[in-house]
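# Overview (structure and organization)
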Amino acid sequence: MEQDVGRLVAECIEHSGLNARQVAARAGVAASTVHRILNDQVSPSVATLHNITAACGLDLTMSTSTLASSAAAAAARAILDEDYPAEVDADIEQWAARLDAWTDGDPVQIVEEAARAAGVLHRADAIRLSGEATIGRLASAGDASGQRWAVSGAAGLDLPSFDEAVPRISVLWCEDPSAIRPLLTGGTLRPASAPHRSTVVIAAAEPDLFLGTFERDRVVYAAPIQIAIDAISVGGDAATRAREEIRTW
């Protein structure tokens, strides 16, 4: 994101011991360009960024990773959910523009693309657990943590009764995953050996994710669009069933 680039350039300049104008001169770019980059007013080309980092005595390396953007799911809900706030931040606006361009406004494709980008299994803060547990155990942990929470993914499709097993792969959204982790780990739940082996994924939610939640048998569930996005994002049988469901909307 542009904000990350501005922060990166600021850190490079600090590392160099030079000021921004000196770095600009060494990089062969206008001082005003460096100023705009630092203030997140422009997104530089890779070539420009490479020249700036080299001027700071640093090498620029690039890598890719699985997308795991909460803004992508929020953008899909902003487009499709009439109860979602009209005013959203820049990241969500950017994702909304992408989704609209990629899908030509097709609601099914919007959910698909948002799910692909949301990557809940691959969130840096995600806590992935495997094993067996009841949906009531998730609800009890959420309540005991004293924070807002909502269940999504496969469980949101099935809406199991309180004493029924959690279907794979379900998502427990909350404000602070670290507060729920000790309430769930141990016994029949343990850290998953790989993301796709998870039974439950605990992830930090943005405040707007809790809009449109509903309760059934003492369990709070995320809004239907969020449930579909998460179910497709985790893949497997949940994704197949979610695709069948959204085609009926």
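Now for a look at the structure at hand. Model, not experiment: these values are computed from the prediction.

### A look at the environment of Val219
Inspection of the secondary structure puts Val219 in strand β7 (residues 219-221). You can call Val219 buried: its relative accessible area is 0%. When the C-alpha positions of Val219 and Ser140 are compared, they lie 8.8 Å apart, and in sequence the two are 79 residues distant.

### Observations concerning helix α7 (residues 107-118)
Across its 12 residues, α7 extends 16 Å between first and last C-alpha, which sits within 8% of the 16 Å expected from 1.5 Å per residue. Among the 12 residues in α7, 9 count as buried, and that is most of the element. Three or more residues of α7 are buried, namely Val108, Ile110, Val111, Glu112, Glu113, Ala114, Ala115, Ala117 and Ala118. In this structure, the buried side of α7 is in contact with α5 (70-80), α6 (90-103), α11 (224-234) and α12 (236-246). For α7, the side-chain oxygen to backbone nitrogen distance between the N-cap and Val108 is 3.2 Å, and the N-cap itself is Asp106.

### Brief notes about helix α4 (residues 46-55)
By the burial criterion, the buried members of α4 are Thr48, Leu49, Ile52, Thr53 and Ala55. All buried residues of α4 lie within an arc of 160° about the axis, which places them on one face of the element. Positive phi appears at Gly57, one or two residues downstream of α4, with a value of about 80°.

### With respect to the nonpolar core
Looking at soluble globular proteins, one finds that nonpolar side chains tend to be buried together. One finds Leu184, Ile202 and Ile229 to be the most contacted residues of the largest nonpolar core, which totals 64 residues. Setting aside its immediate chain neighbours within four residues, Leu184 contacts Leu129, Arg137, Leu138, Ala141, Leu172, Leu189 and Ile202. Listed in part, the 15 residues of the second largest apolar core include Cys12, Val23, Ile52 and Leu60.

Each value, and the rule that gives it
Along each chain, residue indices are assigned from 1 in the same order as the chain's sequence is written. Totals for whole chains, interfaces and linings use every residue, but because this is a predicted model, local features are given only for residues with pLDDT of at least 70 and side-chain atom pairs only at 80 or more, for both listing and counting. Side-chain measures were taken over the full set of non-hydrogen atoms in the model, leaving aside hydrogen atoms and water. In DSSP terms, a helix is any run of H or I states spanning at least four residues, a strand is any run of E spanning at least two, and both are numbered starting from the N terminus. Between buried and exposed lies partly exposed: a residue is buried under 20% and exposed over 50% of the maximum accessible area for its type, with that area taken using a 1.4 Å probe on protein chains only. By this rule, a helix spans an expected 1.5 Å times one less than how many residues it contains. What makes two residues a contact is simply this: any of their non-hydrogen atoms within 4.5 Å. Any pair of N or O atoms that falls within 3.5 Å is considered a polar contact. Within protein, one atom must be able to donate a hydrogen and the other to accept it, and sequence-neighbouring residues count only if both atoms are side-chain atoms. Each direction from the helix axis to a C-beta atom contributes to the arc, which is the arc of those directions. Here the nonpolar core consists of buried residues drawn from Ala, Val, Leu, Ile, Met, Phe, Trp, Tyr and Cys, with membership extended through side-chain atoms lying within 4.5 Å.

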